[in-house]
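# Observations on chain architecture
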Amino acid sequence: MSDTMTRPATGGGKATRPMIEVKDAHKSFGAIEVLKGIDLSVERGQIVAIIGPSGSGKSTLLRSINHLESLDRGEIWLDGVQVNAPLTGKAFERHINAVRQRMGMVFQHFNLFPHLTVMENVTLAPRLLQGLSGEAVRARAEKLLDKVGLADKAEAYPSRLSGGQKQRVAIARALAMEPKVMLFDEATSALDPELVDEVNLVMKQLAQEHMTMLIVTHEMRFAGEVADRVLFMDGGVVVEEGPPDRIFTAPKAERTRAFLRKYLRD
Amino acid sequence: MGLDFSVVPEYAHFLWIGVVWTTVLTVSAALLAFFGGILFAMIVLYAPRLLAWPTRFFVWLFMGTPLLLQLYLIYFGLSQVGIDVPALVAGIVGLGLHFAVYNADVIRAGIVAVDPGQNEGARSLGLSRAQSFRYVIIPQAVRSVTPPLGNNLIALLKDSALVSVLGVAELVHASQLAISETYRPFEFYITAAALYYLLNLLLEAGLRAVERKVEATR
Ligand SMILES: Nc1ncnc2c1ncn2[C@@H]1O[C@H](COP(=O)(O)OP(=O)(O)OP(=O)(O)O)[C@@H](O)[C@H]1O
Ligand SMILES: [Mg+2]
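These numbers come from a predicted model, not from an experiment.

### Some thoughts on the confidence of the model for chain B
Should pLDDT be low for a region, the predicted coordinates there are not to be read in detail. Residue and element names in this part refer to chain B. Residue-level pLDDT values for chain B average 93, and 99% of them are 70 or greater. The weakest mean pLDDT in chain B belongs to helix H2 (residues 49-64) at 91; the strongest belongs to helix H5 (residues 116-124) at 97. The ipTM value of the predicted complex is 0.90, and its pTM value is 0.87.

As structure tokens, then:
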């Protein structure tokens, strides 16, 4: 007993702070309040899946974390840095550009640059932002393309790729900035069913490498497989959260049960 | 009385002067129209309202009124208030502004048509607004905008004939001068038409080369 009381704080001098922290996030579009006070924290190396019905605010939350949407109220923190820092004008612009470099985002519709080759898609940001030699950036991109299984597509244009290949390039493109966290907004929703697995596989691989990930998904099975924690959103609030086993087998809230009944039946 | 083109060679130098001035007019006005178009599009899209709204009004004014009237206004109107502009300059400015306005509309539409997801993809990587614009938005807009800008350029070449009313010895006016000495309107106007057609062919060949270059990556 006394042993517990005298034990020094874990982690020595460095306090363990969440990698992503959202505090009381509020966001309205016109008269519609889409986020009604969201709190969320993701620890380093943790994988959190966000599930919930269409229109519940999942994308808005993810986009707010990356400041593609700006909150009306509340705070977003990335590894101890406030994303929506109280800065204005050019100072904020510089700040947010720096913050976004530490956050990879993967979109439902890939958003690959169609006028650039796969290699150029992956190297554009590091080349512009990290001041590395063309060779170093290329070497990094080759490694990443190899990792997502597309080493042979480096010189292809996105229009020549399947949806699954496009999304894997998009993941490689985000990873090329060597981000601290990865945000996925329904990365497989736009894909033909037979192409979903190849993208999920890449995400699982990232999970094994302890990448911190926040994953919005409609795939309950995948969420159950990779997530440390599942968060159910509805109507702009987090209805409940917990380990996937508990959320999927013993949800507490009626709304969660109703949602899962519908999804697991489909 | 049948057509007799044998008088044409004797007055070929008139027509050559016409071709030269038509070329000078077209090239100068096209440059003004191109850069003016970019400028107006940027202002309409991104400038503060204080600048954007007057520009929009100006665009609307130039689109809604005849080029001929604009040329008269610039040349004779300005002269009335004591600003004497050489006819060639008035022609270049009138043609240039008129087509700058059409180009601005094409360029604005081309930029707006780029999927917003492209900008989001770029910004999410940490690119600045300017970098996203430069490396992601513009290259895509350039592709969709090149063919309609080319069409505007061809229209500009043909509309340069209107500058004849200011007394610039471009192809139409030069033909008129030859006709006033020979009383052979058919022969000279047909020859002028053929020359316009040749200039157009050259221009189209040039435009196709540009489009091929733009399309090269895909
Ligand atoms: N830019 C916007 N302007 C206006 N309303 C918006 C905007 N973006 C989202 N909304 C609205 O906000 C609500 C939440 O949208 P959001 O995209 O966050 O939901 P979601 O949970 O991601 O849904 P889905 O599962 O369909 O992707 C919806 O009602 C949507 O119509
Ligand atoms: Mg969504």
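### Some words on the packing of aromatic side chains
All names here are of chain B. Applying the stated rule across the entire model yields 11 aromatic pairs over all chains. Judged by centre distance (5.6 Å) and plane angle (90°), the ring pair of Tyr46 and Phe133 falls under edge-to-face. Pair noted here: Tyr46 is in helix H1 (residues 12-46) and Phe133 is in helix H6 (residues 129-159), with a separation of 87 residues, a long-range link. Taking relative accessible area as the criterion, Tyr46 reaches 48% and is therefore assigned partly exposed. Here the aromatic rings of Tyr75 and Phe76 are separated by 4.8 Å at their centres, their planes lie at 65°, and the arrangement is edge-to-face.

### Regarding the UniProt feature "domain: ABC transmembrane type-1" (unreviewed entry) in chain B
The UniProt feature table records "domain: ABC transmembrane type-1" (unreviewed entry) at residues 19-207 of chain B. Helix makes up 84% of residues 19-207 of chain B and strand 0%, with an end-to-end C-alpha separation of 19 Å.

### Remarks on the interface of chain B and chain A
Taken residue by residue, the interface counts 21 residues in chain B and 25 residues in chain A. Between chain B and chain A the total buried area reaches about 2000 Å² when both faces are included, carbon and sulfur atoms providing 55% of it. Salt-bridge contacts for Arg63 of chain A lead to Glu120 of chain B; the nearest nitrogen and oxygen are separated by 2.7 Å. Between the two partners, chain B and chain A, sit seven residue pairs in polar contact (both at pLDDT 80 or more).

### A short note on the UniProt feature "domain: ABC transporter" (unreviewed entry) in chain A
UniProt marks residues 20-260 of chain A with the feature "domain: ABC transporter" (unreviewed entry), using the numbering shown here. What you have in residues 20-260 of chain A is 39% helix and 25% strand, and the ends, taken at the C-alpha atoms, are 26 Å apart.

### A short note on the site of ligand 1
Residues and elements named next belong to chain A. Neighbouring residues of ligand 1: Phe29, Val34, Pro53, Ser54, Gly55, Ser56, Gly57, Lys58, Ser59, Thr60, Glu186 and His218. A distance of 2.7 Å is found between an oxygen atom of ligand 1 and a side-chain nitrogen or oxygen belonging to Ser59. With three residues, helix H2 (residues 58-65) is the single largest residue contributor to the shell around ligand 1.

### Points about unusual backbone geometry
Residues and elements named next belong to chain A. Its identity as a non-glycine residue notwithstanding, Asp79 has a phi of 45°, on the positive side. Note on placement: Asp79 falls in the loop between strand S4 (73-78) and strand S5 (81-82). Its identity is not glycine, yet Glu186 carries a phi of approximately 50°, on the positive side. With respect to the helices and strands, the residue Glu186 is situated in the loop between strand S7 (181-185) and helix H7 (193-208). Relative accessible area serves as the criterion here: at 10%, Glu186 is assigned to the buried category.

### Digging into the nonpolar core
Residue and element names in this part refer to chain A. Ranked by internal contacts, the top residues of the largest apolar core, which has 49 residues, are Leu145, Ile171, Met182, Phe184 and Met213. With seven residues, the top contributor of residues to this core is H7. Mapped onto the domain boundaries, this core takes at least three residues apiece from domain 1 (20-102 + 180-265) and domain 2 (110-179). In this structure Leu145 touches Val118, Met119, Val122, Leu150, Ala151, Ala154 and Ala172, once residues within four positions along its chain are discounted. Formed by 31 residues, the second largest nonpolar core is a distinct cluster that contains Val48, Leu62, Val99 and Met105.

### Focus: the pairing of strand S10 (residues 237-242) of chain A
All names here are of chain A. Examined bridge by bridge, strand S9 (residues 229-234) and S10 share five bridges and lie antiparallel to one another. Among the inter-strand pairings, Leu231 is bridged to a residue of S10, identified as Glu241. Connecting S9 to the antiparallel partner S10 that follows it, the hairpin turn spans two residues, and Gly235 within it adopts a positive phi of roughly 60°.

### Thoughts on the domain arrangement of chain A
Residue and element names in this part refer to chain A. Under the domain assignment, chain A is made up of domain 1 (20-102 + 180-265) and domain 2 (110-179). A C-alpha centroid distance of 24 Å is found between domain 1 and domain 2. A buried area of about 1400 Å², summed over both sides, lies between domain 1 and domain 2, and 67% of it is on carbon and sulfur atoms. Where domain 1 packs against domain 2, one counts two salt bridges. Our count for the domain 1 to domain 2 interface comes out at five residue pairs in polar contact (both at pLDDT 80 or more). Broken down by secondary-structure element, the contributors of at least two residues to the side of domain 1 that touches domain 2 are S7 and H7. Looking at which element gives the most residues to the side of domain 1 that touches domain 2, the answer is H7, with seven residues.

### Re the sheet that holds S10 of chain A
Residues and elements named next belong to chain A. Strand order in the open sheet formed by six strands is S6-S7-S8-S3-S9-S10, and the pairing between neighbours is mixed. Lying at the two open borders of the sheet, with one neighbouring strand each, are strand S6 (103-106) and S10. In this sheet, adjacent strand axes meet at a mean angle of 15° when their direction is disregarded. Here S6 pairs with S7 via four bridges, running parallel. Within S7, the residue paired with Val106 across the bridge is Phe184.

### As for a nonpolar patch on the surface
Where nonpolar side chains cluster on the molecular surface, the patch consists of Leu3, Phe5, Phe186 and Ile190 of chain B and spans about 390 Å² of accessible area. Note that Phe5 of chain B resides in the segment before H1.

### Thoughts on the UniProt feature "transmembrane region" (unreviewed entry) in chain B
All names here are of chain B. Per the UniProt entry, the sites bearing "transmembrane region" (unreviewed entry) are residues 12-45, 57-75 and 81-101 in this numbering. Taken end to end, residues 12-45 is 100% helix and 0% strand, and its first and last C-alpha atoms sit 48 Å apart. Helix and strand shares over residues 57-75 are 89% and 0% respectively, and the end C-alpha atoms of the span are 22 Å apart.

### Focus on the packing of helix H6 (residues 163-175) of chain A against H7 of chain A
Residue and element names in this part refer to chain A. At a closest axis distance of 8 Å, the pairing of H6 and H7 adopts a crossing angle of 20°. The angle between H6 and H7 places the two elements in the roughly parallel class. Crossing geometry of H6 relative to H7 is assigned as right-handed. Together, Gly163, Gly164, Gln165, Gln167, Arg168, Ile171 and Leu175 of H6 and Leu195, Glu198, Val199, Val202, Met203 and Leu206 of H7 make up the contact between the two elements. Here the residues of the contact of H6 with H7 are counted per class, giving seven nonpolar, four polar and two charged.

Cut-offs used in this document
Residues numbered from 1 in each chain as written. Chains lettered and ligands numbered in written order. Predicted model: local features only at pLDDT ≥ 70, side-chain atom pairs only at ≥ 80, totals over all residues. Heavy atoms only, no water. pLDDT = per-residue confidence, 0-100. Helix = DSSP H or I, 4+ residues; strand = E, 2+ residues; numbered from the N terminus. Phe/Tyr/Trp six-rings, centres within 6.5 Å; stacked < 30°, edge-to-face > 60°. Buried < 20%, exposed > 50% of the residue type's maximum accessible area, 1.4 Å probe, protein only. UniProt positions renumbered as here; feature names shortened; annotations may be inferred. Contact = heavy atoms within 4.5 Å. Buried area = accessible area lost by both parts, 1.4 Å probe. Salt bridge = Lys/Arg side-chain N within 4 Å of Asp/Glu carboxyl O. Polar contact = N/O pair within 3.5 Å; in protein donor to acceptor, adjacent residues only side chain to side chain. Near = heavy atom within 4 Å. Core = buried A, V, L, I, M, F, W, Y, C linked by side-chain atoms within 4.5 Å. Domains from an automatic or database assignment. Pairing = 2+ DSSP bridges. Axes fitted to C-alpha atoms, helices over the stretch in contact; angles between N-to-C directions. Patch = residues over 30% accessible without salt bridge, like charges linked within 9 Å, V, L, I, M, F, W, Y side chains within 5 Å. Areas by Shrake-Rupley, 256 points an atom, 1.4 Å probe, with all protein chains shown as cover. Parallel < 35°, antiparallel > 145°, perpendicular 65-115°, else oblique. Left-handed = near helix turned anticlockwise from the far one by under 90°. Nonpolar A, V, L, I, M, F, W, Y, C, P; charged D, E, K, R; others polar.

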